[in-house]
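Coordinate analysis (summary)
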Amino acid sequence: MNSKDNTYNPSLIEKKWQAIWEKNKIYSPDLNSGELPFYNLMMFPYPSAEGMHVGNMHAFTGADVYGRFKRMQGNDVFEPIGLDGFGIHSENYALKTGRHPVEQAKTSEMNFYRQLHSIGNSFDWTRTVETYKPEYYKWTQWLFIQLFKAGLAYRKKAPVNFCPSCKTVLSDEQVIDGCCERCNSVVEKRDLEQWFFKITKYADRLLSGLSKIDWVEKVKTAQRNWIGKSEGALIKFKIDDSPHGEAGLGFKNKEIEVFTTRPDTLFGATFLVISPELAQKWLSVGRKAPEKVKSYVQNSLKLADMDRSKEDREKTGVFTGIYAINPANQEKMPVWIADFIIGSYGTGAVFADAHDERDFEFAKKYKIPLKPTLKTGNRDLDEKIINLEMCFTGDGILFDSGEFSGLTSAEARKKIVAWLNEKAQAKQQVNYHLRDWLISRQRYWGPPIPMIYCEKCQWQPVPEKDLPVLLPYIKDYKPMGTGKSPLANHPEFYKTNCPKCNGAAKRETDVSDTFLDSAWYFLRYVSTDIDNTAFDAKRVKKWLPVNMYIGGVEHSVLHLLYSRFMTMVLSDLGLISFEEPFTKFRAHGLIIKDGAKMSKSKGNVVIPDEYIRKFGADTVRSYLMFAGPFEMGGDFRDTGIEGTHRFVKRIWRLVSSIKQQVLSMDKKGENSDLDRLMHKTIKAVTEDIEKLNYNTAIAHLMEYYNELSAFYTKYKILNAKYCKTLVLLFAPFAPHISEELYQLLNENKAGKFLSIHNSSWPQYDPRFLEASQFMVVVQVNGKLRGNIIVDKEILNNQVRIEELVRQNQRVMRYLEGKQIRKVIYVEGRVINFVVE
RNA sequence: GCCCAGGUGGCGGAAUGGUUUACGCGAUAGUCUCAAAAACUAUUGGUCGCAAGACCAUGUGGGUUCGAAUCCCACCCUGGGCACCA
């Protein structure tokens, strides 16, 4: 650059350096020979909306700062990017714009990649992944087949979530509060035959694996809750079929099985409650039940899950007319049907007693007798429990419970189950909230599920040599809402031959869930140049699992759970040798705009482009990182960004103006205070970046700059090493200006181009950190009353320090005439005089 | 209802039990300029006071401590997750 031109022109230098970096491939590590591999991953975007907004940029920048930091610390950092462009998000956007998804994808890709270039991340642009390209989804289909062959993909007819607006089924994880994750429509139940992945088989490993990974706690908690493990027992209740012997018909073995986590309350169980779903099965056997019972069951089944599961709703139910026998005490228990019992959890039946809020409320309403069997030891409380004035749900001491009376709940749980187990009436049981992953989508924009149905041979996978099953370009791609994909209108697509018997057969016309695309993309990144395998085993071994993963918490029980499942499956299949894909996961915060959440409906979504054009990416990056703690986010304000821009410009001015005097390597312009500050700053910035406390890292850089600038203004000289350190420490945040200034500082050095981003991260020397003098705060009765300057040599000499205090008139005013009771001295920090 | 995170100036936010308000924004005054912008310099928690200074301030109320934004107890508010899961 022209050294006489001293104005900071970000758009010029940013484009220049981006081109040089890409040409020199400084961000493209050799995947075969990297010595210190560090896989720095961020969640790839859905290129569905109008473009990247500042929230995305905040996340990507924060991840990139960490990657650049690791690179300067000597790691071979691999930081790939791609587009999660298949799926409902992109297709819904295409439907909105009225452009064909294929066309829309091309535009979105161009726009997103342009934006992603402009923010100055150290992406490896030679290895992008786009989930909608056949060279990628070929392998997504291949993975489906591997799961099918392993018995982990199966078809079943079941009541599934159906979004009437997106016109497709959804997985449980994609239903938020009964509404579609994408469009917020209320989800319906439909009985459809669909493809599922057996994620429930991995429930326990998904749970226990959490303790082995360094993830932000809230995501682990969310996954634990979602998996929802409950340990308890399965207990059999015989149906009392006297006098005619037919009451138990319709129940397997004339028994009702019940799951409970509280076998300790069994002696107090006075009735059973079964779900409408279970009751329907019972009625379908043709039993003559009262009309009242039949209509209750039918009405309940019609209600949406949402309406049924509202907690404040008053409980309803109906007596079946039949009785069961309590296996603990042989008492007769009426069997009720109630819609607060969930058909799909446990066995769809419970026993009810006085120690459960819901049972208690239900029994009171229908005047069913209750019998408490737990007390607390507190007389007042116990009186209320026994008089049924309160419902006690905690652990207590058993009474009226046969030989188990007097035991604690915890002891009784084990012993009662063991006792019943001997009589074959109970066994230990673990239940999970997690359900199998529904994979089918009745949409167009996704990878066709690679399965073929033959009347004779049933479901057959597409032979691997025939992959990919290409998604055809069709005009009528809009979802139909009939429970079938638009591809079902295209015989040229679905008509085929059975791979086994070669007879006429039909392809599956549903496509797979977007979350399957993203459940394995981190494996593909290391193999984009290899087309004969999904992922190259050697490279996977070298680079995975991912060292650092950064993304949004909204994926806690979606992408982050599915990816773990897929990794465990691949590990079991012997294709990889680890179970957890992401060693470390951190969630970025949310960027809000002037105190309000950004949303399209509010019209306050900030697109970074105009700010980058005006201030440069370095400023926008620094601003976003400075706005607040990275994991909490921050508030986007135009005035704030100008403040950060001022800081960037000041650095430019200081470093480019000292350039003339830095050509020699002598000690001119050195200063011991500046030395100490420099080492302190290196230490602070290094520790802050490691903890993702980017906002305080930048604050430290500002303080450091302020001192350098003050020194330079005063003495008109400044040693180059201070500026070099400043620029190096600023490099992860503002890569372009740092590169420009770094090259400027090294201009006289011969040799080939060494980017600042491949230079070494500064090291601090602990010897410089200690000052020769310390300020000790003086307090009287804990109140600040002054301070004294103490030489390092006498820092641990309390007597000398008290002498120094006595010389301080300001402080002595507060001590005159008072009796000192105690003096507390904290070395090098504070001395507190306690007076009467 | 349960779990998690949080509540500090006009604002975003700092603070291993030890100077509350680092850093930045904004505001006020000034320098430069014909002027403005930019840039630079100074001031900037509140109340009272001419001043010296005093007192009050980290959601509320208690407690522990020589000393609490920080630890403990109770409560209030905000954001997020889970939720009739037996």
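Observations concerning the overall build of chain A
Helix and strand counts for chain A come out as 27 helices and 35 strands. Viewed in the frame of its principal axes, chain A has a C-alpha envelope of about 110 × 90 × 50 Å. Here chain A holds 836 residues, and the buried ones make up 54% of them. For chain A, the proportion of contacts with a sequence separation of at least 24, taken over those separated by at least 6, is 73%. As displayed, chain A has an accessible area near 37,900 Å², and 50% of this comes from carbon and sulfur atoms. Of the side-chain charges in chain A, 117 are positive and 102 negative, and the distance between the mean point of each set is 2 Å.

Considering the pairing of strand 27 (residues 548-551)
With burial as the criterion, each face of strand 27 is covered, one bearing Met548 and Ile550 and the other bearing Tyr549 and Gly551. In terms of strand pairing, strand 1 (residues 37-42) meets strand 27 through three bridges, oriented parallel. Opposite Met42, over in strand 27, you have Ile550 as the bridge partner. Summarising the sheet, strand 27 and strand 28 (residues 584-587) pair through three bridges and their orientation is parallel. Looking at the pairing, Tyr549 lines up with Phe585 of strand 28. Once the chain exits strand 27 it traverses helix 18 (residues 559-572) before rejoining the sheet at strand 28, and the crossover so formed is right-handed.

A look at the protein's contact with RNA strand B
Of all residues adjacent to RNA strand B, which total 49 residues, the nearest are Thr261, Lys315, Arg358, Tyr814 and Asn832. Backbone atoms, meaning sugar plus phosphate, form 56% of the atoms of RNA strand B positioned within 4 Å of the protein. Between RNA strand B and the protein, one listed contact pairs a base nitrogen with a backbone N or O atom of Ile342 at 2.9 Å. One of the side-chain nitrogen or oxygen atoms of Asn706 is found 3.2 Å away from a phosphate oxygen of RNA strand B. Mapped by element, the contributors of at least two residues to the surface near RNA strand B are strand 12 (255-260), helix 21 (638-658), helix 23 (694-715), strand 32 (773-780), strand 33 (783-791), strand 34 (820-826) and strand 35 (830-835). Classifying every residue of the surface near RNA strand B gives 19 nonpolar, twelve polar and 18 charged.

Focus on the packing of helix 2 (residues 54-72) against helix 20 (residues 617-626)
Helix 20 packs onto helix 2 with a crossing angle of 90° between their chain directions and a minimal axis gap of 9 Å. One way to sum up the angle between helix 2 and helix 20 is to call them roughly perpendicular. When helix 2 is examined against helix 20, the residues Val54, Met57, His58, Thr61, Gly62, Asp64, Val65 and Arg68 are found in contact with a partner set consisting of Ala617, Val620, Arg621, Leu624 and Met625. Of the residues that constitute the contact of helix 2 with helix 20, the class distribution is seven nonpolar, three polar and three charged.

Some words on helix 3 (residues 88-97)
Counting along an α-helix, one turn takes 3.6 residues, and residues three or four places apart therefore face a common direction. Every buried residue of helix 3 is listed here: Ile88, His89, Ser90, Glu91, Tyr93 and Ala94. Packed against the buried residues of helix 3 are helix 4 (101-118), strand 6 (168-170) and helix 15 (514-517). Count one or two residues on from helix 3 and you reach Gly98, which has phi positive near 80°.

Thoughts on the sheet that holds strand 35
Taken together, four strands build an open sheet; the order of strands is 33-32-35-34 and the sheet is mixed. The open sheet has two free edges, formed respectively by strand 33 and strand 34, since each of these has just one partner strand. Taking the axes of each pair of neighbouring strands and ignoring which way they run, one obtains an average angle of 20° across the sheet. Across four bridges, the pairing between strand 32 and strand 35 is parallel. Each bridged residue has a counterpart across the sheet, and for Val777 the counterpart in strand 35 is Val830. Helix 26 (residues 798-806) contacts strand 32, strand 33, strand 34 and strand 35 of the sheet and is inclined by roughly 120° relative to strand 33.

A short note on the environment of Cys163
Examined against the element boundaries, Cys163 turns out to sit in strand 5 (residues 153-163). On a C-alpha basis, the gap between Cys163 and Ile788 in space is 71 Å, while along the polypeptide they are 625 residues apart.

Some thoughts on empty space enclosed by the protein
According to the stated counting rule, one finds three cavities of 30 Å³ or more in the structure shown. Roughly 90 Å³ of volume is contained in the largest cavity. Every residue lining the largest cavity is counted, 15 residues in all, and those nearest its centre are Gly85, Ser90, Gln104, Ala105 and Ser108. Among the elements of the structure, helix 3 and helix 4 are those that each provide at least two residues to the lining of the largest cavity. Broken down by element, the lining of the largest cavity gets its largest block of residues, five residues, from helix 4. Taken as a whole, the second largest cavity encloses approximately 50 Å³ of empty space.

So, the confidence of the model for chain A
Averaged over all residues, the pLDDT of chain A equals 88, while 95% of them reach at least 70. What the predictor reports for the complex is a pTM of 0.91 with an ipTM of 0.93.

Some remarks on the state of the cysteines
For the coordinates displayed, the defined rule picks out zero disulfides. Of all cysteine sulfurs in the structure, the one in Cys183 sits closest to Cys166, which takes part in no disulfide; the separation is 3.7 Å. With a relative accessible area of 2%, Cys166 lands in the buried category. Its sulfur unpaired, Cys183 is 3.5 Å from the next cysteine sulfur, which belongs to Cys163.

What about the packing of aromatic side chains?
Throughout the structure, instances matching the rule amount to 56 aromatic pairs. Both rings, one in Trp437 and one in Phe565, keep their centres 6.1 Å apart while their planes meet at 70°; by these two values the pair is edge-to-face. In this pair, Trp437 sits in strand 20 (residues 437-438) while Phe565 sits in helix 18, placing the two residues 128 residues apart along the sequence. Here a set of aromatic residues connected by ring pairs shows up, and it is made of Phe144, Phe148, Trp195, Phe197, Tyr202, Trp437, Tyr453, Trp459, Phe515, Tyr562 and Phe565. Above the plane of the ring of Trp21 lies Arg68, whose end atom (NZ or CZ) is 5.4 Å from the centre. If you follow Lys506 out to its NZ or CZ, it ends over the ring of Tyr494, 4.8 Å from the centre.

What counts and what doesn't
- Residues numbered from 1 in each chain as written.
- Chains lettered and ligands numbered in written order.
- Predicted model: local features only at pLDDT ≥ 70, side-chain atom pairs only at ≥ 80, totals over all residues.
- Heavy atoms only, no water.
- Helix = DSSP H or I, 4+ residues; strand = E, 2+ residues; numbered from the N terminus.
- Buried < 20%, exposed > 50% of the residue type's maximum accessible area, 1.4 Å probe, protein only.
- Contact = heavy atoms within 4.5 Å.
- Areas by Shrake-Rupley, 256 points an atom, 1.4 Å probe, with all protein chains shown as cover.
- Lys, Arg positive; Asp, Glu negative; His and termini not counted.
- Charge placed at Lys NZ, Arg CZ, Asp CG, Glu CD.
- Pairing = 2+ DSSP bridges.
- Right-handed = clockwise from strand over helix to strand, strands pointing away.
- Near = heavy atom within 4 Å.
- Polar contact = N/O pair within 3.5 Å; in protein donor to acceptor, adjacent residues only side chain to side chain.
- Nonpolar A, V, L, I, M, F, W, Y, C, P; charged D, E, K, R; others polar.
- Axes fitted to C-alpha atoms, helices over the stretch in contact; angles between N-to-C directions.
- Parallel < 35°, antiparallel > 145°, perpendicular 65-115°, else oblique.
- 1 Å grid on protein atoms, 1.4 Å probe; cavity = no way out; pocket = protein on both sides within 12 Å on 5 of 7 lines; lining within 4 Å.
- Points joined across faces, edges and corners; volume = space filled by probe spheres on them.
- pLDDT = per-residue confidence, 0-100.
- Disulfide = S-S within 2.5 Å.
- Phe/Tyr/Trp six-rings, centres within 6.5 Å; stacked < 30°, edge-to-face > 60°.
- Lys NZ or Arg CZ within 6 Å of the ring centre and 35° of its normal.

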